[in-house]
Protein chains: 2
Amino acid sequence: MTTGARSHCVALSGGVGGAKLALGLSRLLPGDALTVVCNTADDFDHLGLRICPDLDTVMYTLGGISNRDTGWGQAHETWSFLEALSHLGGETWFRLGDRDLATHVERTRRLRAGESLTEVTTALCEALGIAARVLPMSDDPVRTVVLTETGELSFQHYFVRDACAPTVSGFRFDGIDTARPSPAFLEALEDHDTAAILVCPSNPFVSVDPLLALDGVEVTLRRTGAPVVAVSPIVGGAAVKGPAAKMMAELGMPVTAVGVARHYRERDLLDGFVIDDDDAGQAAEIEDLGLPTLVTGTVMETLADRERLARETIDFARNLDSRRGDVAEAGSPEPSA
Amino acid sequence: MTTGARSHCVALSGGVGGAKLALGLSRLLPGDALTVVCNTADDFDHLGLRICPDLDTVMYTLGGISNRDTGWGQAHETWSFLEALSHLGGETWFRLGDRDLATHVERTRRLRAGESLTEVTTALCEALGIAARVLPMSDDPVRTVVLTETGELSFQHYFVRDACAPTVSGFRFDGIDTARPSPAFLEALEDHDTAAILVCPSNPFVSVDPLLALDGVEVTLRRTGAPVVAVSPIVGGAAVKGPAAKMMAELGMPVTAVGVARHYRERDLLDGFVIDDDDAGQAAEIEDLGLPTLVTGTVMETLADRERLARETIDFARNLDSRRGDVAEAGSPEPSA
């Protein structure tokens, strides 16, 4: 079996870590060969504006206008709006830059005019010169609620306003039962041209799980012909960015790459796993879960890191696919690393 | 008769010229002795935000944050939002500065939450440390439509987008039949404590006439105990700022202070008129209309100019009031200048 005919790659992404890998992918693949599906359960309405943090981070990153220091927001940002809003006694806990604000205002205007979030995102990406297809996971609202020891918090209140301080006991995705995945999302997963489905090194609980929880996504991932590979967001017992490690500890899980692998493997969603060189000692344990494991540098500091990890992850997935074809009758793929 | 007991001044204002006189008044009078009622027929919804140009110009001017070079918008303004919006293919013909945007976002948020425009304006003025009372003319939408030789235009399309180029044939104030004046507006006009009602040097057609056209305003102005004095926006055959002179010419009116005086006098709304030294030759003709006329410097370049014109106009009105008391039985006030 050859995979030469398959060329498309689908990346499931949250914010910063996902955007880095998506950027690497976008530099390897032609625009029509890459679909990035973004979590929208972090979205919220603030000051009358629809804000989609993960979509924006991916758009800004692929559009070459992201702030590389913060990992979120735009480069060359100014803060006059927020200063003036503070002067007026408005809410300023969510840091809205002046350039960033244009995205929220234009998106909100288009949504009110009746466009779907998928349509709006396509228009914004076109304006930003982004060749890859960027999709929201759904056109319907899904909102992560963080269950904490002191009560329920909307995601942005937990994440930004309270700086992830409350102890987490679980999550709820309001709207998940009625939200439909963006049609292009399921189509991309099922497409015979899809060579690999990559779960980016994003927060498993609040970035990836909402995507997976949409009706039809998990079952499609299990039956699709393309290999599904995740990159661990946990390296050396810590999250590269964000609260994933803190959440794992508070949920009583081991804060390890193995913990992440098990989280996905329990639901039979993966065909392979990618961990950092730092965690090479965990490869055998992950493979014992039935997950072929690639060990490589996963911390993407430079653009070259992003491209290399993207290339290695695609090659790993393609190789899995090829092996899966070869050993289909054996039914248990061997480790490839 | 003495007017010592009366201390309150009500100013009817459009944008730039009105804001200048309002600033002069605000420096002479305690905050609780000045009400500035602003035209809201220029207001419009743009990018999903409620924009109130005249209210904003007055608020920014009284709050000490106005841009003195442009006459509109805020000082120390930045333009990142508009640049980014342009990059996204959004509408950029209306120049929204980053600081200015905070006003529109906060106002729109409060309006959507159910506050009236009067309540929102009071809150914004309080945040900006404005002691005087600033009122929208109405909490209900009134929208100026400019009738031109090439068709009807919403006011901001005429004024900003098309830079006042179309030839004007008339005006219509959509919503004027059902809009109620802000209750505090009529109360201020009728208040026994009101010593003077000043019509600022604002555009008679699109800034002052909408205020006057609200149900009950003209009849209240005719019966109120306080003198009503207007300051001419036309000086030396030109408007100090804006399209008033161009409009007068296109409407077939003489482009003179007399033309403005006649415009108000026809409706029996004024007790006195203030014109510039440049137009001293027109004083006799205006007085022949039955309007006592003050001739002074009305072009407000410096802060001292604003204060002086405010003081002279108040004194003129008080003197008229005193004379009106004195000569009440004669029924025809004499010129005071």
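What counts, and where the lines are drawn
- Here the residue numbers are simple positions, counted from 1 along each chain's written sequence.
- Ligands are numbered from 1 and chains lettered from A, in the order in which they are written.
- Predicted model: local features are reported for residues with pLDDT of at least 70 only, side-chain atom pairs are reported and counted for 80 or more only, and whole-chain, interface and lining totals are derived from all residues.
- Excluded from the side-chain calculations are hydrogens and water; all other atoms, namely the structure's heavy atoms, are used.
- A run of H or I in DSSP counts as a helix once it spans at least four residues, and a run of E counts as a strand once it spans at least two, with each numbered from the N terminus.
- Note that the radius of gyration is over C-alpha atoms, with the globule rule given as 2.2 Å times the number of residues to the power 0.38.
- Per-residue accessibility, obtained with a 1.4 Å probe over protein chains only, is compared with the maximum for each type, and a residue is labelled buried under 20%, exposed over 50%, and partly exposed between these values.
- Between two residues, a contact is recorded if the distance between any of their heavy atoms is within 4.5 Å.
- Within this scheme, the nonpolar core is defined by two criteria: the residues are buried Ala, Val, Leu, Ile, Met, Phe, Trp, Tyr or Cys, and they are joined through side-chain atoms within 4.5 Å.
- In superposing the copies, a least-squares fit is computed on C-alpha atoms, taking residues whose pLDDT is at least 70 in both.
- Note on definitions: salt bridges are taken to be side-chain nitrogens of Lys or Arg within 4 Å of carboxyl oxygens of Asp or Glu.
- Two strands are said to pair when DSSP picks up at least two bridges between them.
- Ring pairs shown here join Phe, Tyr and Trp side chains whose ring centres sit within 6.5 Å, with only the six-membered ring taken for Trp; geometry is labelled stacked below 30 degrees between planes, edge-to-face above 60, and tilted in between.
- A fitted line through C-alpha atoms represents every axis, and for helices the fit uses only the stretch in contact; the resulting angles, taken between N-to-C directions, go from 0 to 180 degrees.
- Buried area is a sum: the accessible area each of two parts loses on coming together, probed at 1.4 Å, counted once for each and added.
- Defined by distance alone, a disulfide is two cysteine sulfur atoms within 2.5 Å.
- Definitions used for this entry: grid spacing 1 Å over protein atoms alone; cavity, a set of points where a 1.4 Å probe fits but cannot get out; pocket, an open set with protein on both sides within 12 Å along at least 5 of 7 lines; lining residue, one with an atom within 4 Å of a point.
- Grid points are joined across faces, edges and corners, and a volume is the space filled by probe spheres set on the points.
- Gly is put with the polar residues, along with every residue not named as nonpolar or charged; the nonpolar set is Ala, Val, Leu, Ile, Met, Phe, Trp, Tyr, Cys and Pro, and the charged set is Asp, Glu, Lys and Arg.
- We define a polar contact as two N or O atoms separated by no more than 3.5 Å, with the added condition that, inside protein, one atom must be a possible hydrogen donor and the other a possible acceptor, whereas residues neighbouring each other in sequence contribute only through side-chain atom pairs.

## Considering the overall build of chain A
No. 1: Summing up its helical and strand segments, chain A has 13 helices and 14 strands in all.
No. 2: Here chain A has a C-alpha radius of gyration of 19 Å; the compact-globule value for 337 residues is 20 Å, and the two agree.
No. 3: In terms of principal-axis extent, the alpha carbons of chain A reach across some 65 × 40 × 40 Å.
No. 4: The buried share of chain A, reckoned over its 337 residues, is 56%.
No. 5: Look at the contacts in chain A between residues 6 or more apart in sequence, and 69% of them connect residues 24 or more apart.

## Some points on the nonpolar core
No. 1: Counting 111 residues, the largest nonpolar core has A:L25, A:L62, A:F81, B:L25, B:L62 and B:F81 as the members making the most contacts within it.
No. 2: Beyond its immediate chain neighbours, meaning those up to four positions away, B:F81 contacts A:D98, A:L101, A:A102, A:V105, B:L47, B:L96, B:D98 and B:L101.

## Considering the relation of the copies chain B and chain A
No. 1: Superposition of chain B onto chain A requires a rotation of 180° combined with a translation of 0.0 Å along the rotation axis, giving an RMSD of 0.0 Å. Taken together, the turn and the small shift mark the pair as related by a two-fold rotation axis. Relative to the rotation axis, the closest C-alpha in chain B is found at B:D98, a distance of 3.0 Å.
No. 2: Both copies present the same face, since 100% of the interface residues in chain B are matched by interface residues at the equivalent positions in chain A.

## Concerning the environment of B:D69
Residues and elements named next belong to chain B.
No. 1: When you line up the elements, D69 lands in the loop between α2 (53–62) and α3 (80–87).
No. 2: Overall, the relative accessible area of 75% leaves D69 in the exposed class.
No. 3: Sequence separation between D69 and G15 is 54 residues; the distance between their C-alpha atoms is 14 Å.

## A word on the side chain of B:R99
No. 1: As for its position among the elements, B:R99 is in helix α4 (residues 98–112).
No. 2: Residues in contact with B:R99, not counting those within four places in the same chain, are A:S80, A:E83, A:A84, B:Q74, B:A75, B:H76 and B:E77.

## Focus: the pattern of salt bridges
No. 1: Enumeration over the complete set of coordinates arrives at 40 salt bridges over all chains.
No. 2: Between B:R223 and B:E190 there is a salt bridge whose closest N-O contact spans 2.5 Å. In this pair, B:R223 is assigned in helix α9 (residues 217–223) and B:E190 in helix α7 (residues 183–190), connecting sequence segments 33 residues apart.
No. 3: Between B:R265 and B:D268 there is a salt bridge, with the nearest N and O atoms lying 3.6 Å from each other.
No. 4: Shared partners join several salt bridges into a network, and the residues in it are A:E106, A:R109, A:R110 and A:E115.

## Notes on the pairing of strand β9 (residues 194–199) of chain B
Residues and elements named next belong to chain B.
No. 1: In terms of burial, β9 is largely enclosed, as 6 of its 6 residues are buried.
No. 2: Across 5 bridges, strand β1 (residues 8–13) lies against β9 in parallel orientation. Residue pairing in the sheet places L12 in a bridge with V199 of β9.
No. 3: Sheet analysis places β9 next to strand β10 (residues 228–231), joined by 3 bridges and oriented parallel. Its bridge partner lying in β10, I197 is registered against V228.

## Describing the pairing of strand β2 (residues 34–38) of chain B
All names here are of chain B.
No. 1: Taken across its 5 residues, β2 has 5 buried, putting it largely inside the fold.
No. 2: The alternating pattern of β2 places L34, V36 and C38 and T35 and V37 on opposite faces, both of which are buried.
No. 3: In the sheet, β1 pairs with β2 via 5 bridges, with the strands oriented parallel. Residue pairing for β2: A11 is matched across the bridge by V36.

## Considering the packing of aromatic side chains
Residues and elements named next belong to chain A.
No. 1: Tallying each qualifying case throughout the model produces 14 aromatic pairs over all chains.
No. 2: Ring geometry for W72 versus W79: centroids 6.4 Å apart, planes at 75°, classification edge-to-face.
No. 3: Centre to centre, the rings of F155 and Y158 are 6.4 Å apart; their planes meet at 45°, and the pair counts as tilted. Of the two residues, F155 and Y158 both sit in helix α6 (residues 155–161), 3 residues apart, roughly one turn of that helix.
No. 4: Exposure remark for Y158: the relative accessible area of 0% places this residue in the buried category.

## Quick word on the sheet that holds strand β6 (residues 143–148) of chain A
Residue and element names in this part refer to chain A.
No. 1: Pairing in this open sheet of 3 strands is antiparallel, and the strands run β7-β6-β8 from one edge to the other. Because the sheet does not close on itself, it has two edges, and the strands there are β7 (151–154) and β8 (168–174). Each strand axis lies, on average, 25° off the axis of its neighbour in the sheet, ignoring direction.
No. 2: When β6 meets β8, the two strands line up antiparallel, connected through 6 bridges.

## Overview of the interface of chain B and chain A
No. 1: Between chain B and chain A, the residue contacts involve 24 residues of the former and 24 residues of the latter.
No. 2: Approximately 2,300 Å² of surface area, both sides summed, lies buried where chain B meets chain A, with 66% of it carried by carbon and sulfur atoms.
No. 3: The largest per-residue losses of area from chain B upon contact with chain A belong to B:L88, B:R99 and B:V105, which jointly make up 24% of the total buried on that side.
No. 4: Summed over the shared surface of chain B and chain A, the number is 2 salt bridges.
No. 5: Among the salt bridges present, the one from B:E83 reaches A:R99, with a minimum N-O distance of 3.1 Å.

## Points about the state of the cysteines
No. 1: For the structure shown, the criterion picks out 0 disulfides over all chains.
No. 2: With no disulfide of its own, B:C9 lies 8.4 Å from the sulfur of B:C200, the closest cysteine sulfur.

## What about empty space enclosed by the protein?
Residues and elements named next belong to chain B.
No. 1: Counted under the stated rule, the structure contains 2 cavities of 30 Å³ or more.
No. 2: Taken as a whole, the largest cavity holds about 40 Å³ of empty space.
No. 3: Together, T40, D43, R50, L117, S138, D139, D140, P141, V142 and R143 line the largest cavity.
No. 4: Tallied by class, residues from the lining of the largest cavity come to 3 nonpolar, 2 polar and 5 charged.
No. 5: What the second largest cavity holds in volume is close to 40 Å³.
No. 6: As for the second largest cavity, its lining consists of V199, V208, L212, L221, V228, Y264, L269 and L270.
No. 7: Residues that form the lining of the second largest cavity fall into these classes: 8 nonpolar, no polar and no charged.

## Digging into the side chain of A:T118
Residues and elements named next belong to chain A.
No. 1: Considering the arrangement of structural elements, one finds T118 in helix α5 (residues 117–127).
No. 2: Taking relative accessible area as the criterion, T118 reaches 12% and is therefore assigned buried.
No. 3: Polar contacts involving the side chain of T118 include one to the side chain of S182, which spans 2.8 Å.
No. 4: Not counting residues up to four positions away in its chain, the partners in contact with T118 are L135, P136, D139 and S182.

## So, the sheet that holds strand β8 (residues 168–174) of chain B
Residues and elements named next belong to chain B.
No. 1: The strand order across the open sheet formed by 3 strands is β7-β6-β8, and the pairing between neighbours is antiparallel. The sheet terminates laterally at β7 (151–154) and β8, the two strands that pair on one side only. The average angle at which neighbouring strand axes cross in this sheet is 25°, direction not considered.
No. 2: Strand direction decides the pairing type here: strand β6 (residues 143–148) and β7, joined by 4 bridges, are antiparallel. If you follow T148 over to β7, its bridge partner there is G151.

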